[in-house]
Amino acid sequence: MSLVLPTYEDVASAAKTLKGVAHRTPVLTSATADRLTGAKVFFKCENLQRMGAFKFRGGYNAIANLSPEQRRAGVLTYSSGNHAQAIALAGKLLGVATTIIMPHDAPAAKKAATQEYGATVVSYDRYKQDREVVAREIQEKTGMAIIPPYDHLHVIAGQGTAALELLEDVGELDYLLVCLGGGGLLAGSALAASVLSPKCKVFGVEPEAGNDGQQSLRKGEVIRIEPPRSIADGALTLYLGQLTFGVIKQRVKDILTVTDPQLIATMKFFAERMKIVVEPTGCLGAAALMHGALPVEKGARVGVILSGGNVDLAAYAGFLTQS
Ligand SMILES: *Cc1c(COP(=O)(O)O)cnc(C)c1O
């Protein structure tokens, strides 16, 4: 089977499609973060993206690339939250009907926001059912196009536009740290860096409890794991995609892991020092840098993608007050 992997050109083309539609999110710096890490750190704030996460980029780019006939049939997807909201909002902006298959235990805020954007939500049990199988059953009945959360050329290309903007704004970097679930953001970011900052070492960061990406990169094949438990609910994927792994194995230096307590400490840092709300999954890259999973040379230029800010407020209050 020959796979057509996305390229830098696909990311550049997605950037044109998203111009004036996605926010060009700010890049924040922090003297405290620089002092704590010894590096010069640039935080790309996708927690301030439309619907609260970078996933708007991939979702919009994928729907925008459908044929008129596919758009009429509607779009179907499965997601633990942010991809669902991304598809729901993009569908609303582009006039395409959307149906989302969500785990029964998805955060309440994410479920509600998805429905508010006008999508139809169908629940499944993530400990018992495979969401891809549930999606295919619905697809057979309805003919809707499935836009998966990461293993899709136009999704990967769209996600890569966050790193593209970061590199356009701050110039070349020594390191780029990217949160990793199924690998759409990491693969897209690595493609952007491959042309805009070819010497940059790109790292993925995932929860220690769900290190399928790390195992996969080290084994050279996609490894599947049992459903992990971590507060990083956007990175609980069980396996990388064929396309995302294809790009990651060519272009990503390594995959690092962090623990839930490190994510909580990082979330507190962003709230207290930088006055920004970053969801647990969005803290993965920053936690790796701030808690030593990636030692960097003094003065190194490090880009960190803060991937999202959608966290249930009650849960967030609990994290901030944990000692
Ligand atoms: C989906 C998601 C990720 C992981 O992205 P992948 O493309 O699946 O690797 C990271 N952070 C947030 C906030 C997300 O919603």
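Per-chain numbering applies: the sequence of each chain, read as written, is numbered from 1 onward. Selection of residues for local features in this predicted model requires a pLDDT of at least 70, selection of side-chain atom pairs for listing and counting requires 80 or more, and totals for whole chains, interfaces and linings are taken over all residues. Calculation of side-chain values draws on the structure's entire complement of heavy atoms; hydrogens and water are dropped beforehand.

1. Some thoughts on the pairing of strand β2 (residues 40-45)
And then number 1: Buried, partly exposed and exposed residues are distinguished by accessible area as a fraction of the type maximum, computed with a 1.4 Å probe on protein chains only: under 20%, between the cut-offs, and over 50%, respectively. Where helices and strands are cited, they refer to DSSP runs of H or I of at least four residues and of E of at least two residues respectively, numbered from the N terminus. For β2, the tally of buried residues reaches five of six residues, placing the bulk of the element in the interior.
And then number 2: Here a strand pair is declared whenever DSSP counts at least two bridges between the two strands. The sheet contact formed by strand β1 (residues 27-28) and β2 spans two bridges and is antiparallel. Each bridged residue has a counterpart across the sheet, and for leucine 28 the counterpart in β2 is phenylalanine 43.
And then number 3: Alignment of β2 against strand β10 (residues 301-306), held across six bridges, turns out to be parallel. Its bridge partner lying in β10, lysine 44 is registered against isoleucine 305.

2. What about the site of the ligand?
And then number 1: Distances are taken per atom, and a residue is near a molecule or strand as soon as one of its heavy atoms is within 4 Å of it. Contacts to the ligand come from 15 residues, most closely from Lys55, Asn82, Gly181, Gly183 and Ser307.
And then number 2: For the purposes of these results, a polar contact is taken to be a pair of N or O atoms within 3.5 Å, where, inside protein, one atom must be able to donate a hydrogen and its partner to accept one; residues adjacent in sequence count only when each atom of the pair is a side-chain atom. Lysine 55 places a side-chain nitrogen or oxygen 2.7 Å from an oxygen atom of the ligand.
And then number 3: Between the ligand and leucine 185 there is a distance of 2.9 Å, counted from an oxygen atom to a backbone nitrogen or oxygen.
And then number 4: Working definition of accessibility: Shrake-Rupley area with a 1.4 Å probe, residue cover restricted to the visible protein chains. For the ligand, the accessible surface in isolation is 380 Å², of which the surrounding protein chains cover 97%.

3. Focus on the sheet that holds strand β7 (residues 175-179)
And then number 1: Pairing within the open sheet is mixed, and its six strands lie in the order β1-β2-β10-β7-β8-β9. Because the sheet does not close on itself, it has two edges, and the strands there are β1 and β9 (254-258).
And then number 2: Here, two residues are considered to be in contact whenever any of their heavy atoms come within 4.5 Å of each other. Lines fitted to the C-alpha atoms define the axes, with helices restricted to the stretch that makes contact. Angles between their N-to-C directions range from 0 to 180 degrees. Relative to the sheet, helix α10 (residues 212-219) contacts β8 (201-207) and β9, its axis offset from that of β9 by approximately 150°.

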